[in-house]
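Now for the letters of each chain:
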Amino acid sequence: MRDYLLNMSNPLINLLDYDREALCQLLISWGETPYRGKQLFQAIHQQGITDISEITTLSKAFREKLREKTAFQWPSIIKEQRSKDGTCKWILSLADSNCIETVFIPEATRGTLCISSQVGCALNCQFCSTGQQGFNRNLTRAEIISQLWIAKQRLQIHYPGQQRIISNVVFMGMGEPLLNLNPVIASTRMMLDDLGYGLSKYRVTVSTSGIVPAMQRLKDETEVSLAISLHAANDELRNKLVLINRKYPLSSLMQACRNFFPPDSRHVVMFEYVMLHGINDSLAQAKQLSRLLSTLPCKLNLIPFNPFPGASYTCSTPQAIEQFKQLLTQKGIHTTVRKTRGDDIDAACGQLVGNVLQRKGTAPIRIPVDQITNIEST
Ligand code: SAH
Ligand code: SF4
């Protein structure tokens, strides 16, 4: 596989940065037909072609023009790890030497790719190792879609044929996707596009800690599934665990969830709840959670806490998790417990660290909660 490092000063157009519509517009501006844009988009994303000369459906003259003006620029793989349970993790180096992580989790009936949306995260949730790295920058559209593009190719190489298909994508890697909304929306469109990755809207999930105003834009501009990192059923505790709750408290978050899917939709909101020993795992808290969730159609996924060096929490006991689950199930909430995968390669939820370079000074960047809406432009 050839690796081109993304070079910011490179004047060539990066073809991975364009969704189908944008590619057609670009080609129209060159005097070509939109049909050429469709063919090119399909070749790049559906067929995974990395060399213009291989796109034989395009005329020789047009391929020459493309070679002059464009390039494929994707992050380079600096490490590829495969767990004994089949989970794969890639550490990808970006042009500015920051690194992000992407994880593939195979299951009996599906294969889920967990992708990153930012280098680090500014939101500083205490139980999350990405949060402990601080924030460096948002990923571009090309850097987001490249994770799928690279993973698809690597899985084809390791498991030829139909053995390891990416059927689901979750934005549950590094970063808060709703603080990098434009590239996240554009990349979900490429994932859903039938000439791109052709994924079902039920199988592309954006997970958020609760950036309420961005949820409305996500709903208006793309069709995806929604996961909310809840972790507490009252503001007092959530203010401590998920600091962004101080800006967007539970009442506004739950209202935004109720608005997200039409009442007759097959879609339901998925709530994630990390199980922290002695913090949020009592039966009284399970009852409070069942009351909160009874106000909308939803599913609940309990995530056993995954430790990382320096973490100040421990995971709830298996008995506590089971009792918590049973109570919620009895109250009519569809509740599952997430299996921890890839623990021999530190690929589980909340363990991704990449290599988040510090931008200025020595302290990691953590944006104060009241300035959170400004992050997108940084
Ligand atoms: N920023 C987004 C998406 C990335 S985090 C969000 O917070 O939703 C993906 C999921 O992993 C979230 O539900 C997050 O709360 C959870 N998570 C973070 N740290 C964890 C840890 N150490 N153990 C288990 N889950 C964790
Ligand atoms: Fe950021 Fe999500 Fe980690 Fe919180 S849990 S620090 S929002 S990545």
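Residues numbered from 1 in each chain as written. Chains lettered and ligands numbered in written order. Predicted model: local features only at pLDDT ≥ 70, side-chain atom pairs only at ≥ 80, totals over all residues. Heavy atoms only, no water.

Participant: Which residues make up the site of ligand 1, and what are the values?
Facilitator: For ligand 1, the set of nearby residues contains 20 residues, the closest of which are Phe127, Ser207, Ser229, His231 and Asn306. Within the side chain of Ser229, a nitrogen or oxygen atom sits 2.5 Å from an oxygen atom of ligand 1. At 3.1 Å from an oxygen atom of ligand 1 is found a side-chain nitrogen or oxygen belonging to Glu272. Those elements giving two or more residues to the shell around ligand 1 turn out to be strand E10 (204–208), strand E12 (269–275) and strand E13 (298–304). The class makeup of the residues in the shell around ligand 1 is 9 nonpolar, 9 polar and 2 charged. (Near = heavy atom within 4 Å. Polar contact = N/O pair within 3.5 Å; in protein donor to acceptor, adjacent residues only side chain to side chain. Helix = DSSP H or I, 4+ residues; strand = E, 2+ residues; numbered from the N terminus. Nonpolar A, V, L, I, M, F, W, Y, C, P; charged D, E, K, R; others polar.)

Participant: Describe helix H3 (residues 60–69), naming the residues involved and giving the relevant values.
Facilitator: Inspection of H3 places Phe62, Arg63 and Leu66 among the buried residues, and these make up the whole buried set. Down the axis of H3, the sector holding all buried residues measures 100°, keeping them to one side. Exposed and facing more than 90 degrees away from the buried side of H3 are Lys60, Ala61 and Glu68. Residues of H3 that are buried make contact with helix H1 (20–29), helix H2 (34–46) and strand E2 (70–71). (Buried < 20%, exposed > 50% of the residue type's maximum accessible area, 1.4 Å probe, protein only. Arc of directions from axis to C-beta. Contact = heavy atoms within 4.5 Å.)

Participant: Tell me what's going on with the packing of aromatic side chains, and back it up with residues and numbers.
Facilitator: Using the criterion set out here, one finds 6 aromatic pairs in the structure. On the basis of an interplanar angle of 75° and a centroid distance of 6.4 Å, the ring pair of Phe305 and Tyr313 is categorised as edge-to-face. Grouping residues by exposure puts Phe305 and Tyr313 together as buried. Taken together, the ring pairs connect Phe72, Trp74 and Trp149 into an aromatic cluster. Over the aromatic face of Tyr202 sits the side chain of Arg266, whose NZ or CZ is 4.1 Å from the ring centroid. (Phe/Tyr/Trp six-rings, centres within 6.5 Å; stacked < 30°, edge-to-face > 60°. Lys NZ or Arg CZ within 6 Å of the ring centre and 35° of its normal.)

Participant: Lay out the sheet that holds strand E14 (residues 334–337) in plain terms, naming residues and giving numbers.
Facilitator: Across the sheet, 10 strands lie side by side as E3-E4-E5-E6-E9-E10-E11-E12-E13-E14; this open sheet has mixed pairing. Edge positions in the sheet fall to strand E3 (76–82) and E14, since each has one partner strand and no second. Across the sheet, the axes of successive neighbouring strands diverge by a mean angle of 20°, strand direction being ignored. Looking at chain direction, E13 and E14 are connected through 4 bridges and run parallel. Considered in E14, the bridge of Asn301 is made with Thr336. (Pairing = 2+ DSSP bridges. Axes fitted to C-alpha atoms, helices over the stretch in contact; angles between N-to-C directions.)

Participant: Mind laying out the packing of helix H7 (residues 212–221) against helix H9 (residues 250–260), listing which residues take part and the relevant values?
Facilitator: Here H7 crosses H9 at 5°, and the two axes come no closer than 9 Å. With respect to their mutual orientation, H7 and H9 come out roughly parallel. Along the contact surface, H7 presents Val212, Met215, Leu218 and Lys219, while H9 presents Ser252, Leu253, Ala256, Cys257, Asn259 and Phe260. Class assignment for the residues of the contact of H7 with H9 results in 7 nonpolar, 2 polar and 1 charged. (Parallel < 35°, antiparallel > 145°, perpendicular 65-115°, else oblique.)

Participant: Can you lay out the site of ligand 2 for me, pointing to particular residues and giving the numbers?
Facilitator: Near ligand 2, the surroundings consist of Cys121, Leu123, Asn124, Cys125, Cys128, Gly131, Gly175, Glu176 and Ser209. Residue classes in the shell around ligand 2 are distributed as 4 nonpolar, 4 polar and 1 charged.

Participant: Kindly report on the environment of Glu101, identifying the contributing residues and their values.
Facilitator: Within the secondary structure, Glu101 is located in strand E5 (residues 99–106). Sequence separation of Glu101 and Gly173 is 72 residues, and the distance between their C-alpha atoms is 7.0 Å. In terms of polar contacts, Glu101 uses its side chain to reach the side chain of Lys89, at 3.3 Å.

Participant: A description of the pattern of salt bridges should follow, citing residues and the corresponding values.
Facilitator: Going through the model one piece at a time under the given rule, you end up with 14 salt bridges. Measuring nitrogen to oxygen at the nearest pair gives 2.9 Å for the salt bridge that ties Arg20 to Asp193. Of this pair, Arg20 sits in helix H1 while Asp193 sits in the loop between helix H6 (181–192) and E10, and the two are 173 residues apart along the sequence. Exposure remark for Arg20: the relative accessible area of 26% places this residue in the partly exposed category. The partner of Arg67 in a salt bridge is Glu64, and the shortest N-O contact between them spans 3.0 Å. (Salt bridge = Lys/Arg side-chain N within 4 Å of Asp/Glu carboxyl O.)

Participant: Please provide a residue-by-residue account of the side chain of Ser316, values included.
Facilitator: In this fold, Ser316 is placed in the loop between E13 and helix H11 (318–330). You can call Ser316 buried: its relative accessible area is 4%. In this structure the side chain of Ser316 is engaged in a polar contact, spanning 3.3 Å, whose partner is the backbone nitrogen of Leu276. Here the side chain of Ser316 touches Asp281 through a polar contact of 2.9 Å, side chain to side chain. In this structure, Ser316 is in contact with Met275, Leu276, His277, Asp281 and Ile321, ignoring residues within four places of it in sequence.

Participant: Describe the side chain of Arg238, and please don't skip the residues or the numbers.
Facilitator: You can see Arg238 is positioned in helix H8 (residues 235–241). The side chain of Arg238 is buried and forms no salt bridge, while Asp235, the nearest opposite charge, is found at 6.4 Å. Within the structure, the side chain of Arg238 is placed 2.8 Å from the side chain of Asn245, a separation counted as a polar contact. With near-sequence residues (within four places) excluded, Arg238 lies in contact with Ser209, Ser229, Leu230, Ala232, Leu243, Asn245, Tyr248, Leu250 and Leu253. (Lys, Arg positive; Asp, Glu negative; His and termini not counted.)

Participant: Summarise the packing of H2 against helix H5 (residues 141–158); cite the residues concerned and give the values.
Facilitator: Axis separation between H2 and H5 bottoms out at 10 Å; the angle between their running directions is 60°. It follows that H2 is oblique to H5 by the angle criterion. Facing H2, whose interface residues are Ile44, His45 and Gln46, H5 presents Ile145, Trp149 and Lys152. For the contact of H2 with H5, the residue count by class is 3 nonpolar, 2 polar and 1 charged.

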